[in-house]
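# A closer look at the structure
For reference, the chains in residue letters:
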Amino acid sequence: MRKRLKINNLHAFLQEIQKQGSLIAPVKTNTEEREFMPVEKISQVALEGSNPLRSPKEYLFPQMETMYQYHIQKEGKATIKETLHQEPQIIIGIRPCDLHALSYAKEFYSTTHKDVYILERWKHTTLIGWACQTPLNTCFCTSLGDSPVDSKCADIMMAKTDQFYILEVLTAKGKDLVETVGSLLEDSPDADDDIIPTIRRQTEAMIREKVDLLSIKGRIDSAYSSSIWKKYSDTCIACGACTFNCPTCTCFDTADQLETCQDGCRYRTWDTCQNYAFTLHASGHNPRGTREDRLRQRVMHKYHYSVEQLGLFSCTGCGRCTRSCPVNIDMVSIIKDIKEVVSHGEE
Amino acid sequence: MKKQIEQNVHQLLTEIWKPGDLLIAWKKASLPGHRIPAFIYHKEEIQETVFDSFCDISLAKYLNEQNRQEILPNSFQGTIHVVCKPCDAKSVMQTFADQQISEDLVSLIVVACDGVVNRKKIENQIEQSIVSITETDYQMIGTDIAGKEHAFEKREVWLDKCADTSHCELPYYFGYYFVGEEKEHRRRVKNLYRTHKKLPQDTLPPADLQKMIHQELSRCIRCNACRNICPACFCSDQCVFDKPKEPVKLLDNHVTTENNILYHMIRFHHVAPNCTGCGECERACPKDIPLHIFYEYFNRCMEEEFGYKAGKTNDERQKLLSYNLGEDLV
Amino acid sequence: MEKNKKTPSSTHNPYVPFFAQIREVGQQTATVKHFRVELPKGNVPKNFIPGQFYQISLPGVGEVPISVSDYDPTNNTLLFCIAKTGVVTTQIHTLQKGDYLGLRGPYGNGFPMEQFQGKHLVLVAGGIGLVPLRSVIEDYFRHQDQYGELEILFGARNSQEIIYREEMKQWRLMKNTTCKITIDKHEKGWDGNVGFVCNLVDKTYCDCSEVLFHHLSPEKNNTVILIVGPPVMFQSILDNLSKMQFPDDSVYVSLENHMKCGIGKCGHCNCGSKYVCQDGPIFSWNELKTLVKEY
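Residues numbered from 1 in each chain as written. Chains lettered and ligands numbered in written order. Predicted model: local features only at pLDDT ≥ 70, side-chain atom pairs only at ≥ 80, totals over all residues. Heavy atoms only, no water.

Turning our eyes to something else, we now look at the overall build of chain A. Along chain A, the regular secondary structure elements total 10 helices and 12 strands. Compactness check: chain A gives a C-alpha radius of gyration of 22 Å against a globular reference of 20 Å for 347 residues, within 12% of the reference. Taken along its principal axes, the extent of the C-alpha atoms in chain A is 65 × 65 × 40 Å. The buried share among the 347 residues of chain A stands at 64%. Here chain A displays about 12400 Å² of accessible surface, and carbon together with sulfur accounts for 48% of that area. Here chain A contributes 42 positively and 46 negatively charged side chains, and the mean placements of these two sets differ by 1 Å. (Helix = DSSP H or I, 4+ residues; strand = E, 2+ residues; numbered from the N terminus. Rg over C-alpha atoms; globule rule 2.2 N^0.38 Å. Buried < 20%, exposed > 50% of the residue type's maximum accessible area, 1.4 Å probe, protein only. Areas by Shrake-Rupley, 256 points an atom, 1.4 Å probe, with all protein chains shown as cover. Lys, Arg positive; Asp, Glu negative; His and termini not counted. Charge placed at Lys NZ, Arg CZ, Asp CG, Glu CD.)

Here we take up the overall build of chain C. Along the backbone of chain C there are 6 helices and 15 strands. A buried classification covers 58% of the 295 residues belonging to chain C. As presented, chain C carries roughly 13000 Å² of accessible surface, and 49% of it is formed by carbon and sulfur atoms.

We now examine the pattern of salt bridges. All told, the structure shown has 53 salt bridges over all chains when counted by the stated rule. For Asp330 of chain A, the salt bridge identified is with Arg208 of chain A, shortest N-O distance 3.3 Å. Of the two residues, Asp330 of chain A sits in the loop between helix H9 (320–324) and helix H10 (331–344) while Arg208 of chain A sits in the loop between helix H5 (195–206) and helix H6 (228–233), which places them 122 residues apart along the sequence. Arg36 of chain C is the salt-bridge partner of Asp70 of chain C, the closest N and O atoms lying 3.5 Å from each other. (Salt bridge = Lys/Arg side-chain N within 4 Å of Asp/Glu carboxyl O.)

Our focus in this paragraph is the nonpolar core. In terms of nonpolar packing, the biggest core is built from 144 residues, with Tyr303 and Ile338 of chain A together with Ile227 of chain C touching the most fellow members. Among the elements that make up this core, the one with the highest residue count is H10 of chain A (7 residues). Residue contacts for Tyr303 of chain A: discarding those within four places in its chain leaves Phe140, Leu144, Leu213, Ile220, Phe313, Cys315, Met331 and Ile335 of chain A. Grouped together as the second largest cluster of nonpolar side chains are 33 residues, Ile137, Phe141, Ala156 and Ile163 of chain C included. (Core = buried A, V, L, I, M, F, W, Y, C linked by side-chain atoms within 4.5 Å. Contact = heavy atoms within 4.5 Å.)

Our focus in this paragraph is the sheet that holds strand S6 (residues 130–135) of chain B. Residue and element names in this part refer to chain B. The strand order across the open sheet built from 3 strands is S6-S7-S8, with neighbouring strands paired in antiparallel fashion. If you trace the sheet from one side to the other, it starts and ends with S6 and strand S8 (149–153), each paired once. Put simply, the sheet's adjacent strands are angled 20° from each other on average, direction ignored. With 5 bridges joining them, S6 and strand S7 (residues 139–144) adopt antiparallel strand pairing. For Thr134, the partnering residue across the bridge sits in S7 and is Ile141. Sheet strands in contact with helix H4 (residues 119–126) are S6, S7 and S8, and its direction is about 140° off that of S8. (Pairing = 2+ DSSP bridges. Axes fitted to C-alpha atoms, helices over the stretch in contact; angles between N-to-C directions.)

This paragraph deals with helix H8 (residues 206–217) of chain B. Given 3.6 residues per helical turn, the α-helix brings residues three or four places apart onto the same face. All names here are of chain B. For H8, which comprises 12 residues, the first-to-last C-alpha distance of 16 Å matches the rise-based estimate of 16 Å (1.5 Å per residue) to within 8%. Regarding H8, the residues found buried are Leu209, Met212, Ile213, Glu216 and Leu217. Considered in projection along H8, the buried side chains sweep an arc of 115° and stay on one side of the axis. The exposed residues of H8 that point more than 90 degrees off its buried face are Ala207, Gln210 and Lys211. Packed against the buried residues of H8 are helix H7 (200–203), helix H10 (257–271) and helix H12 (292–306). (Expected span 1.5 Å × (residues − 1). Arc of directions from axis to C-beta.)

Turning our attention to the interface of chain C and chain A. Of the residues lining the interface, 49 residues belong to chain C; the matching set on chain A comes to 58 residues. Carbon and sulfur atoms supply 51% of the area that chain C and chain A bury against each other, a total of about 4600 Å² over both sides. Applying the counting criterion to the chain C and chain A interface returns 2 salt bridges. One salt bridge in this structure joins Glu63 of chain C and Arg266 of chain A, with 3.4 Å as the shortest N-O distance. The interface formed by chain C and chain A includes 22 residue pairs in polar contact (both at pLDDT 80 or more). When residues of the side of chain C that touches chain A are traced back to their parent elements, those giving at least two are strand S1 (18–27), strand S3 (53–58), strand S4 (62–72), strand S6 (100–107) and strand S14 (274–275) of chain C. Considered class by class, the residues forming the side of chain C that touches chain A number 17 nonpolar, 21 polar and 11 charged. (Buried area = accessible area lost by both parts, 1.4 Å probe. Polar contact = N/O pair within 3.5 Å; in protein donor to acceptor, adjacent residues only side chain to side chain. Nonpolar A, V, L, I, M, F, W, Y, C, P; charged D, E, K, R; others polar.)

This part covers the side chain of Thr77 of chain C. Residue and element names in this part refer to chain C. Position of Thr77 relative to the elements: it lies in strand S5 (residues 77–83). Side chain to side chain, Thr77 and Asn75 meet in a polar contact 2.7 Å long. When neighbours within four sequence positions are excluded, Thr77 is seen to be in contact with Arg36, Val37, Glu38, Asp70, Tyr71 and Asp72.

All names here are of chain B. Between the first and last C-alpha of H10 there are 21 Å, a value that for 15 residues agrees with the 21 Å anticipated at 1.5 Å per step. What H10 keeps buried is the set Thr257, Asn259, Asn260, Ile261, Tyr263, His264, Arg267, Phe268 and Val271. Buried residues along H10 sit in contact with H8, helix H9 (225–229), helix H11 (280–284) and H12.

Residue and element names in this part refer to chain B. Looking at where Met93 falls in the secondary structure, it is placed in helix H3 (residues 86–97). Considered as a pair, Met93 and Ile145 are 52 residues apart in the sequence and their alpha carbons are 43 Å apart. Setting aside residues no more than four positions away along its own chain, Met93 makes contact with Leu108, Pro171, Tyr173, Gly311, Lys312, Thr313 and Asn314.

Let us now look at the packing of helix H2 (residues 96–109) of chain A against helix H3 (residues 116–123) of chain A. Residue and element names in this part refer to chain A. Put simply, H2 and H3 touch, their axes get as near as 9 Å, and they point 135° apart. Viewed along their axes, H2 and H3 adopt a mutual orientation that is oblique. The crossing of H2 and H3 is left-handed. Judged by residue contacts, Leu102, Ser103, Lys106 and Tyr109 of H2 engage Ile118, Leu119 and Trp122 from H3. Taken together, the residues of the contact of H2 with H3 break down into 5 nonpolar, 1 polar and 1 charged. (Parallel < 35°, antiparallel > 145°, perpendicular 65-115°, else oblique. Left-handed = near helix turned anticlockwise from the far one by under 90°.)

Let us look at the packing of aromatic side chains. On inspection of all chains with the given rule, the structure shows 24 aromatic pairs over all chains. Ring pairing ties together the aromatic residues Phe61, Tyr104, Phe108, Tyr109, Tyr117, Phe244, Phe252 and Trp270 of chain A together with Tyr15 and Tyr275 of chain C, which thus form one cluster. Geometry around Phe164 of chain A places Arg4 of chain A over its ring, the cationic atom sitting 3.8 Å from the centre. Between Lys57 of chain A and the ring centre of Trp270 of chain A, over which it is positioned, the NZ or CZ distance is 4.3 Å. (Phe/Tyr/Trp six-rings, centres within 6.5 Å; stacked < 30°, edge-to-face > 60°. Lys NZ or Arg CZ within 6 Å of the ring centre and 35° of its normal.)

Time to look at the environment of Leu130 of chain C. Within the secondary structure, Leu130 of chain C sits in helix H2 (residues 130–142). It is 8.0 Å that separates the C-alpha atoms of Leu130 of chain C and Ile163 of chain C, two residues lying 33 residues apart in sequence.

Next up on the list: the environment of Leu170 of chain B. Residues and elements named next belong to chain B. Looking at the secondary structure, you find Leu170 in the loop between helix H5 (154–157) and strand S9 (176–179). Spatially, the C-alpha atom of Leu170 lies 7.8 Å from that of Lys312, the residues being 142 residues apart in sequence. Discounting chain neighbours no more than four positions away, the residues touching Leu170 are Pro86, Val110, Tyr176, Phe178, Glu182, His185 and Arg186.

So, about the pairing of S6 of chain C. All names here are of chain C. With 6 of 8 residues buried, S6 is to be regarded as a mostly interior element. Judged from the 4 bridges that link them, S1 and S6 form a sheet pairing that is antiparallel. Across the sheet, residue Phe19 finds its bridge partner in S6, namely Gly102.

Here we take up the confidence of the model for chain C. Residue and element names in this part refer to chain C. Averaged over all residues, the pLDDT of chain C equals 83, while 87% of them reach at least 70. By mean pLDDT, the top-scoring element of chain C is strand S2 (residues 32–38) (95), and the lowest-scoring one is helix H4 (residues 197–206) (60). Under a pLDDT of 50 for its full length, residues 1–6 has, in the predicted model, 16 contacts with residues more than four places off or in other chains. Note that pLDDT drops below 50 for residues 206–220; the model gives that stretch 29 contacts with residues more than four away or on any other chain. Confidence estimates for the predicted assembly give a pTM of 0.91 and an ipTM of 0.90. (pLDDT = per-residue confidence, 0-100.)

Take a look at the structure:
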């Protein structure tokens, strides 16, 4: 089912869907940058433009999350109260690179022991995608075989033309949401079939470079011992800014916190594999003690280990790593070097 | 003029570089306006280095003990040549004073600089994918993917620290090379020097100041970019915030405004004796938190209370960590 | 704090521990204590495999992964041997009989005992490495008719750090079982083996020019070697076994790693494309060879 929304009905549309749950969209902040945030004033919503630097993953996997609260009784036994987040939320304006990242994350958290917290949030979240028309020079989704208009796990996919928006409804959740705003939407005729393919062609032409990683998918382990890693790790300061903004970075750390001597909580926070202490053993041994090891780990994980584990690249080409890096390391340079090494053997 | 200075730098480097040495300088990265540190072990690569208004990264960070050990090959016996802007040179001085590296191993090349641009400011204003950014004497011109040109006055888009030329003072040290017109540089520093810069601590009443600090630091995501890029932070992997076995709850990862404030206050206290005001922390912050309101204030306190400015010489012991016998106790 | 609706999730939450009561506490060495805990009825493992571990949780303090020394199905108890090394383990050491521990598990892949049936077992333990191997020993004695002979080679840093002294006296009495202990350096009053446990392996198996493993014949492939200890130790043993051309699918190693969640989600124990908490901690030697070199 596909619908049309007139350009000047956007605010009314957003106001209606906001009644269904917490609305999260790219909003203009004080510093003129756009960021995915809960919408307070509809007028601040800025769907168009480049992808915000911070990904929307934090609304499904928050930076800091209480997992359960406990009340310690005598002899150390505690009663436990899970803190699951079950409030409905709608996230709008998600570019396909982020949609791809969210669907990878969902798959990752659903293996064997399911991560209940994220899956519960996911159940209560409606995702509205946005066909990308403004890539930055750091974007490289096409190198991973993705496109700037893929709807992946979106419930509704939106795209903009000069006169109207189209909304492609893809799931039952999307249909339910669209029905609540029925009067604002019109049916979309067959002539609209070409809108998304056109956006795809135009946007793909704007992407700076395409490195063909698909042809070496599954073979990247041969780059493990190459000199690429030292070349980039000499510059890398192991700050982890790339991992915090990366939409597919899923690692976390857990800890306990006591509020009183009997009551407290177990919480988790994002953790970064770029930190020295990430793999530090109790014995003092650290298998990834140098920045070279850690940089290699991050890149190999994105392009090879996740392929071995789930059959998927865990990079989606959003370019946030390059944008966040304080020392200007460019992920596209790294993957070009990898391609060179794997295709032609060690230089 | 820029091109000339770059040529002069290449000429000097070609004269002083010997086989077995390492040169740390900047070179062009693949993206427009990006400069990346280059670690050069071969003479022919010297010509690839650049020096222009995009050379924002301070290269002093790579001299501290931890980084040096990871970068240098085991067999390294030569000299490390480091190209610096005057603000970075102070960080190198402080690295010597902190005994992170012996000055015998380093050959410092300071290049006269008239400001470095904040690439984020240009990118945020252009918004589209940028194809190229070029510079003239006073302007930066960005061309977007649609072919449209956007011109900016350099002074509108340079890093905040460049507006205060007290950062550009040359160190009191005789062991460095200077590329550029020294007289011209000193005149520029003196004439453009701002005698006082208003910080929020000067203008806001305490309650508003506290509110402002809370607001800014509530945005901190504790990515540690500020800490890791800081040349004064040399604890590196032994940082007190990373000790996983210590049960000090105040230093944990709980990302709340209160904990963030604690993190930054502790960090600024730790680096107060050796912060040279290079501003890398603010540049590195992915959330654009104006960290200068902290380090400028701390540095001002150090100067007013102790008559001390980090980075001026290569051997002054850190004021808060040392004492002289017979000195009054504080 | 987030709002908490009353509807519980329909999926089991693997992050929430259940509580088990400590039935027995004993001191093994100055820094090692053992705890036998009784599992509540609803949390009895369907199929416990020797070599698996549990995440032991102390609310307010933290969580640590500890290997199971023994699972006794007759009374549904787990035995843990815990060394006092950090904040959580120090706190655990203060617990008495009747206190409770939070548990999550069992996690990990365990030793593939079904592949060892009919074979001789050689267990090589360095220090605290004997703890997970004890679960293999206990399983062996419960089903002794299914296996060949058992040889236990145990190396401790010094005589103070020898664990399971009483148990070893019992094991030595069992048929088809030999038990050898060595300490690193000479000590007054010690008249047993001295030297690293890898030398014990060499002395017993590698130095002799006759048949190396007296119950092994390489063509028959009927011996399995299980090694648990620090990397330095097992690397040295593996090097020697490699010279002997010992088949690499008959040697198993337990990898120690920094773990946090125990369920393959937090990323801390990620090693190449494997998670030590899920695909390990037990790896065969041929699998170990394919793991990334940093380990």
